[in-house]
Amino acid sequence: MADPLSTPRLTSPHLEHFPSRTIRLVGRVTLLRGDVATLDSDGAVTAHLNRDSHLTVGNWVEVVGKVNGDLSLRVLVSRDLGRDVDFEAVKAVVDATHRYKEIFYSE
Amino acid sequence: MANYGYGGGYSTTSYGAQGGAEGGGFMGGSQQGSQDSPGGSRTYGKDTLRPVTIKQIIDAVQPHPDSDFKIDGSEVTQVTFVGQINSISSQTTNTTYKVDDGTGLIEVKQWIDSDADATTAKPQPKEGEYLRVFGRLKAFNNKRHVAAHVIRPIADYNEVNYHLLEATAVHLYFTQGPPEGVANGVKQEGGMFVDAGVGNGVAAKGGKLPPKITGVGRKVYELLQSEPQNNEGLHVNMIAQKLGVPSNEVFKAGDVLLGEGLIYTTVDDETWAVLEY
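Computed from a prediction, not measured in an experiment: that's the story for all the values here.

1. Some details on the overall build of chain B
Move 1: A tally of helices and strands in chain B yields 10 helices and 11 strands.
Move 2: Here chain B holds 277 residues, and 40% of them are scored as buried.
Move 3: Long-range contacts, defined as pairs at least 24 residues apart, comprise 56% of the intrachain contacts of chain B with a sequence gap of at least 6.
Move 4: As presented, chain B carries roughly 14,700 Å² of accessible surface, and 55% of it is formed by carbon and sulfur atoms.

Here it is as structure tokens:
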């Protein structure tokens, strides 16, 4: 029941395991060109932005998006997180999400 | 106990009245907590504040209507979680937020305090913002929501990660028992390099158990390792007696250990020894 509503947190290496699912990813904006951004989230991720996205190069951002066939993201919602994000904590949460998925998402 | 009477009365008030009381602020909840805690015995575990994910709220079981919800087999009344506001709907008596933390979606109702001074009112949260919610889990017309005591915006994103890790740690505490002690952890490191002293060896092997071995399982395994015995191992009743644990608990723990191939049966099904190789 909760399935379509859960957006598993992950980083770049996990993308291939979640084809065409809506996911949540935190990364640092490394490149911004028109409506395409490159994020660094334990690896590079290409994000196709929507009109509401306001990203800043060098800042962390959390995006909710759908995983495309080429492992890029179609961004549905993005949120600027500023510069003060502990990425080790982000990775720890991603690890816990998949290790103990019973409290985070259903397949 | 007088304290208990007060607590019981509070939790059985009608839906509307209780909502009103919560609207008054955090005092009701905190007062109740502080009165109950010294009492201990009967209300133990009843008024807890547990960090959870929204999926845990959705998956929480209510054994029968009006009873407390259970998560991982233990009762929960008050919960805290974080989430992003999906939508806000303001009504005359309450504001309802749909909150999403990536694990699910839940409605959070905050009752409006009509006596509140408008000049000191906090700015209203906006859609897309992350919130920290403290509240009580409720079911109304078969629909779950959280009646919020306190809602505050999250300024530092690290709090979101902190909360999710804390919720995981508490989930693991309830499903797999308390973590190994710090002293034990130090011993484990010693044991990794040299398989020397008895104490060291035991701690190291206990630490190598797979994470799904629960508290009792660990105790049984450690006892089997440390207790002097002949090659027949130890009988279940002997283990139960030495650990002071009911024998059915020991059986359950033993089944898991047997399934994992950590121990084996010797003279009969109820006598176990550590499988060492």
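Once the structure has been displayed, the description carries forward.
2. Description of the environment of Ser72(A)
Residues and elements named next belong to chain A.
Move 1: Secondary-structure assignment places serine 72 in the loop between β5 (60–67) and β6 (73–82).
Move 2: For serine 72, a relative accessible area of 4% puts it in the buried group.
Move 3: Taking the C-alpha atoms as reference, serine 72 lies 5.8 Å from alanine 47; in sequence the two are 25 residues apart.

3. Focus on the pattern of salt bridges
Move 1: Summed over the entire model, instances satisfying the criterion amount to 13 salt bridges over all chains.
Move 2: For Asp95(A), the salt bridge is made with Arg99(A), and the minimal N-O distance between the two is 3.2 Å. In this pair, Asp95(A) and Arg99(A) are both assigned in helix α1 (residues 87–99), four residues apart and thus about one turn of the helix distant.
Move 3: For Asp95(A), a relative accessible area of 40% corresponds to the partly exposed category.
Move 4: When its relative accessible area of 52% is taken as the criterion, Arg99(A) is described as exposed.
Move 5: Glu159(B) is the salt-bridge partner of Arg132(B), the closest N and O atoms lying 2.9 Å from each other. On the criterion of sequence distance, the pair formed by Arg132(B) in strand β7 (residues 130–140) and Glu159(B) in helix α5 (residues 158–176) is long-range, its members being 27 residues apart. Of the two residues, Arg132(B) and Glu159(B), both sit in the buried class.

4. So, the interface of chain A and chain B
Move 1: Taken together, the contact between chain A and chain B spans 26 residues of the former and 26 residues of the latter.
Move 2: Roughly 2,200 Å² of surface becomes buried between chain A and chain B when both sides are summed, with 59% attributable to carbon and sulfur atoms.
Move 3: Scanning the region where chain A abuts chain B turns up one salt bridge.
Move 4: Here Asp100(B) ties to Arg24(A) by a salt bridge, and the two come within 3.5 Å at their closest N and O atoms.
Move 5: Counting only elements with at least two residues in the side of chain A that touches chain B, the list comes to β2 (22–33), β6 and α1 of chain A.
Move 6: Take the side of chain A that touches chain B: its biggest share by element is five residues, from α1(A).
Move 7: Here the residues of the side of chain A that touches chain B sort into 16 nonpolar, three polar and seven charged.

5. Some thoughts on helix α9 (residues 236–243) of chain B
Residues and elements named next belong to chain B.
Move 1: Of all the positions in α9, only Val236, Ile239 and Ala240 are classed as buried. Across the axial projection of α9, the buried residues extend over an arc of 100°, all falling on one side.
Move 2: Close packing links the buried residues of α9 with α8 (215–226), β9 (234–235), α10 (247–259) and β11 (271–274).
Move 3: Glycine 244 sits one or two positions beyond α9 and adopts a positive phi of about 70°.

Conventions and cut-offs
Counting restarts for each chain: residues are numbered from 1 in the order of the written sequence. Each chain is given a letter, starting from A, and each ligand a number, starting from 1, according to the order in which they appear as written. Totals for whole chains, interfaces and linings use every residue, but because this is a predicted model, local features are given only for residues with pLDDT of at least 70 and side-chain atom pairs only at 80 or more, for both listing and counting. Excluded from the side-chain calculations are hydrogens and water; all other atoms, namely the structure's heavy atoms, are used. Elements are defined by DSSP. Helices are runs of H or I of four residues or more, strands are runs of E of two residues or more, and each kind is numbered from the N terminus. Burial here depends on accessible area, computed with a 1.4 Å probe over protein chains only, as a share of the maximum for the residue type. Under 20% is buried, over 50% is exposed, and the range in between is partly exposed. The contact criterion used throughout is that any non-hydrogen atoms of two residues lie within 4.5 Å. Note on areas: Shrake-Rupley, 1.4 Å probe, and residue coverage restricted to the protein chains presented here. Whenever Lys or Arg places a side-chain nitrogen within 4 Å of a carboxyl oxygen from Asp or Glu, that contact is recorded as a salt bridge. What counts as buried area is the accessible surface, traced by a 1.4 Å probe, that two parts surrender upon association, with contributions from both included. Throughout, the ten residues Ala, Val, Leu, Ile, Met, Phe, Trp, Tyr, Cys and Pro are labelled nonpolar, Asp, Glu, Lys and Arg are labelled charged, and all others, Gly among them, are labelled polar. Comment: arc refers to directions from the helix axis out to C-beta atoms.

Function-wise, these values are silent; they only describe arrangement.
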